[in-house]
Amino acid sequence: MKAKWIAGLVAMSLVSAIAAAVLTAVFLLKGYFGVNLPGNGLPTTSQGSASTSGQTTGTIAPTTTLAPTPTKVPTPEPTPTIDPTKQPTFDPDDPNAVETLYLWQTRAWLENIYTSVAPAVVGIKIEVNAANSSARQTNEGSGLILDKTGNIVTNANLLNMALDKQGKVLSTAAINVFVMDISQPFAATLIGSDPMTGLAVLKINPDADILKTAKIAGESELKVGQMILSIGYPGLQFESGGLSSGMICGLNRPVALEDGTTLQMIQTDAQISQNCSGGPLLNLNGEVIGLSNSSLARESLDPQSYALPAKTMIAVAQGLIDNGFVSGRSWLGVSVLLEDSFLELQKLYLFPSGLYISNVVKDSPAYTADLRKGDIITKINSKAVGTSMDLGRFLQSQPVGTLVTFTIYRRSDGQYHTLKAYLQEYIQ
């Protein structure tokens, strides 16, 4: 009896051990190896191996790698497009409506300015027989029609190759003017040129009322940063064009003309080609505010463009048309270094502040008063001066015949002197 009890206890222990081993194996397979067992909540496979008891045993499911959730990329807004045939309507629900309308209006605005002003801009071609040759030398530029009778303003240096020493047009030279939408060029004559401003006036004789003119700006104040346009006559390789844009970078900028005269100009960053030089500078109302690059002796690396102010352009042109020269303009007869150039000398030689005289015209008021090259003007009528602009403004404000007192520092003796000169009328 006791033996049977011990045998039963051993049998129960073996059954318990076997059951525990089976359960342990099940949990290990299920938790760590992903075994697909019936009833474990995982999807069953369609394949299996038949056991000796006829039951289907589960197979190990392959490990599945989950694909990363793709990042949602926002759909870009469409670029505003402009229908060139009609003005777009304003749709408040369209997020690009304001931008599209603004772009259309700006483009239409600029196109209208070009369309209205371009017919008043002419092309000028100079042809001269080359010395000791049958070949023809040429030079080209632009100009602006002043009135419907055929008066045209341009840069005087454009004509240099066609003039003799007395400023008369050579007999072998031809000046032709091209007008937009007119097939044949016009032969032009020179009315006059002004070396102090680098401006020249040409004259053509068109048929009645076929020329277009541009509006000249009034006394509106120009400002640095103001947007501007420039129009020149396009070259032969272009059907149309000559338009450039930029902004005003400086006002009353003192620059030197070819004869050494200092002049106050409008400075811009507009890219104006040589062929378009002599055309008008415009504000965004389409009004002429200046004439581009009026005969400047520019440095080759200077990226800026310059324009003669419209007020000066009109006054000089009218004087040339009426008299062949500009009357009533006071003249001293000196050229002075620009401020930047003088500052270098001032640092080197410790000169006093003032205007360094770089040239004195013979028989001029300055020459008669004994002003000399190398003198430094420190005062005019007891008022200190510091830049070439001071001298230019002063001369413009004084009538012909004014007695002017100059205080100068003379390098040769290191002394200050007081000299007096009567301003004369400038006549070419």
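Throughout this description, residue numbers start from 1 for each chain and increase along the sequence as written. With the structure being a predicted model, the display of local features is reserved for residues of pLDDT at least 70 and the display and counting of side-chain atom pairs for 80 or more, all residues being used for whole-chain, interface and lining totals. Excluded from the side-chain calculation are hydrogens and water; included are all heavy atoms of the structure.

Some details on the overall build of the protein chain
For step 1, the next point in the chain: Under the DSSP-based scheme used, a helix requires at least four consecutive residues in state H or I and a strand at least two consecutive residues in state E, with every element numbered from the N terminus. Along the protein chain, the regular secondary structure elements total 6 helices and 23 strands.
For step 2, the next point in the chain: Buried means the residue's accessible area, taken with a 1.4 Å probe over protein chains only, is under 20% of the maximum for its type, while exposed means over 50%, and partly exposed covers the values in between. Counting across all 428 residues of the protein chain, residues that qualify as buried make up 39%.
For step 3, the next point in the chain: Whether two residues are in contact is decided by their heavy atoms: any pair within 4.5 Å suffices. Here the contacts in the protein chain between residues at least 6 apart in sequence split such that 57% fall between residues at least 24 apart.
For step 4, the next point in the chain: We get accessible surface area from the Shrake-Rupley algorithm with a probe of 1.4 Å; when it comes to residues, only the shown protein chains can shield them. In the form shown here, the protein chain has an accessible surface area of approximately 25,500 Å², with 56% of it arising from carbon and sulfur atoms.

Overview of the nonpolar core
For step 1, the next point in the chain: Grouped together as the largest cluster of nonpolar side chains are 26 residues, with contacts concentrated most on L144, V153, L199, L282 and M313.
For step 2, the next point in the chain: At the level of secondary structure, the elements contributing two or more residues to this core comprise α2 (97–117), β9 (199–203), β10 (227–231), β12 (262–268), β14 (288–292), β15 (305–309) and α3 (310–323).
For step 3, the next point in the chain: Here this core takes 4 residues from α3, the largest share from any one element.
For step 4, the next point in the chain: Once residues within four sequence positions are removed from consideration, M313 is found in contact with L144, V153, L199, I216, V288, L291 and L308. Put simply, buried Ala, Val, Leu, Ile, Met, Phe, Trp, Tyr and Cys residues joined by side-chain atoms within 4.5 Å make one nonpolar core.

Structural notes on the packing of aromatic side chains
For step 1, the next point in the chain: In this scheme Phe, Tyr and Trp rings, the latter by its six-membered ring, pair at centre separations within 6.5 Å, and the angle between planes marks the pair as stacked below 30 degrees, edge-to-face above 60, and tilted otherwise. Throughout the structure, instances matching the rule amount to 5 aromatic pairs.
For step 2, the next point in the chain: Pairing F342 with Y356 gives two aromatic rings, centres 6.1 Å apart and planes at 35°, and the pair type is tilted. You can see F342 sitting in helix α4 (residues 339–349) and its partner Y356 sitting in strand β18 (residues 355–360), a full 14 residues away along the chain.
For step 3, the next point in the chain: Chaining the aromatic ring pairs together yields one cluster made of F342, Y349, F351 and Y356.
For step 4, the next point in the chain: Criterion for a charge above a ring: Lys NZ or Arg CZ within 6 Å of the ring centre, and within 35 degrees of the ring normal. The aromatic ring of Y349 is capped on one face by R411, whose charged end is 5.7 Å from the ring centroid.

What to know about the side chain of N155
For step 1, the next point in the chain: With respect to the helices and strands, the residue N155 is situated in strand β5 (residues 151–155).
For step 2, the next point in the chain: By relative accessible area, which is 3% here, N155 ends up buried.
For step 3, the next point in the chain: The definition of a polar contact used here is a pair of N or O atoms within 3.5 Å, where within protein one atom must be able to donate a hydrogen and the other to accept one, and adjacent residues in sequence count solely through side-chain atom pairs. Looking at N155, its side chain comes within polar contact range of the main-chain oxygen of S292, at 3.5 Å.

Description of the layout of surface pockets
For step 1, the next point in the chain: Here the term cavity refers to a set of points on a 1 Å grid, laid over the protein atoms alone, in which a 1.4 Å probe fits but cannot get out; the term pocket refers to an open set having protein on both sides within 12 Å along at least five of seven lines, with lining residues being those that place an atom within 4 Å of a point. Grid points are joined across faces, edges and corners, and a volume is the space filled by probe spheres set on the points. In this structure, the largest pocket encloses a volume near 1,400 Å³.
For step 2, the next point in the chain: Taken together, 47 residues form the lining of the largest pocket, with T197, L263, Q264, T312 and Q396 sitting closest to its centre.
For step 3, the next point in the chain: Going through the elements one at a time, β11 (243–256), β12, β14, α3, β16 (330–331), β17 (334–336) and α6 (388–397) are the ones with two or more residues in the lining of the largest pocket.
For step 4, the next point in the chain: The biggest single contributor to the lining of the largest pocket is α6, with 6 residues.

Observations regarding the sheet that holds strand β6 (residues 174–178)
For step 1, the next point in the chain: Pairing between two strands requires that DSSP report at least two bridges joining them. Strand order across the open sheet formed by 7 strands is β7-β6-β3-β4-β5-β9-β8, with antiparallel pairing between neighbours. Of all strands in the sheet, those with a lone pairing partner are β7 (186–187) and β8 (189–194), marking the two edges.
For step 2, the next point in the chain: Bridging between β5 and β9 involves 5 bridges; their strand directions are antiparallel. Along β9, the bridge assignment pairs V153 with V201.
For step 3, the next point in the chain: Between N-to-C directions, angles cover 0 to 180 degrees, with each direction set by a line fitted to C-alpha atoms, over the stretch in contact for helices. Its contacts with the sheet place α3 against β4 (136–145), β5, β8 and β9, and it is angled at close to 50° to β9.

A closer look at the pattern of salt bridges
For step 1, the next point in the chain: The term salt bridge refers to a side-chain nitrogen of Lys or Arg lying within 4 Å of a carboxyl oxygen of Asp or Glu. Counted according to the given criterion, the structure contains 7 salt bridges.
For step 2, the next point in the chain: Linking R107 and E111 is a salt bridge whose minimum nitrogen-to-oxygen distance equals 3.6 Å. With a gap of 4 residues between them, R107 and E111 both fall in helix α2, about one helical turn apart.
For step 3, the next point in the chain: On the accessibility criterion, E111 (41% relative accessible area) is partly exposed.
For step 4, the next point in the chain: Its salt-bridge partner being D375, residue R410 comes within 2.8 Å of it at the nearest N-O pair. Highlighted residues: R410 in strand β21 (residues 403–410) and D375 in the loop between α5 (365–368) and β19 (376–380), separated in sequence by 35 residues. Exposure class is identical for R410 and D375. Each is buried.

Examining the pairing of β9
For step 1, the next point in the chain: Taking burial as the measure, the 5 residues of β9 include 5 buried ones, the bulk of the element.
For step 2, the next point in the chain: Here β9 shows two buried faces, one formed by L199, V201 and K203 and the other by A200 and L202.
For step 3, the next point in the chain: With 5 bridges joining them, β8 and β9 adopt antiparallel strand pairing. Bridged to D194 within β9 is L199.
For step 4, the next point in the chain: The loop that links β8 with its antiparallel partner β9 comprises 4 residues; one of these, G198, has a positive phi angle of about 70°.

Looking at the confidence of the model for the protein chain
For step 1, the next point in the chain: Confidence of the predictor at the level of single residues is given by pLDDT, which spans 0 to 100. Residues of the protein chain with pLDDT of at least 70 account for 71%, and the chain-wide mean is 79.
For step 2, the next point in the chain: Counting interchain partners and residues more than four positions distant, the pLDDT-below-50 stretch residues 26–65 has 27 contacts.
For step 3, the next point in the chain: Considering only residues more than four positions removed or in separate chains, one finds that residues 77–82, a stretch of pLDDT under 50, has 9 contacts.

Some remarks on a negative patch on the surface
For step 1, the next point in the chain: A cluster of acidic side chains, namely E339, D340, E344 and D390, defines a negative patch on the protein surface.
For step 2, the next point in the chain: Sorting elements by how many residues they give to the negative patch places α4 first, with 3 residues.
For step 3, the next point in the chain: Inspection of the secondary structure assignment puts E344 in helix α4. Only residues whose relative accessible area exceeds 30% and that take part in no salt bridge are eligible for patches, with like-charged residues grouped when within 9 Å of each other and nonpolar side chains (Val, Leu, Ile, Met, Phe, Trp, Tyr) grouped when within 5 Å. Just so you know, the count uses Lys and Arg for positive and Asp and Glu for negative, and it drops His and the chain ends. Each charge is placed at NZ for Lys, CZ for Arg, CG for Asp and CD for Glu.

So, α3
For step 1, the next point in the chain: To estimate the expected span of a helix, count its residues, drop one, and scale the result by 1.5 Å. Taking 1.5 Å per residue, 14 residues should reach 20 Å; α3 reaches 20 Å between its end C-alpha atoms and fits that length.
For step 2, the next point in the chain: Considered for burial, the residues of α3 that qualify are A310, M313, V316, A317, G319 and L320.
For step 3, the next point in the chain: Looking at the buried residues of α3, the elements they touch are β4, β5, β8, β9, β14 and β15.
For step 4, the next point in the chain: Following α3 by one or two positions, G324 has its phi on the positive side, about 85°.

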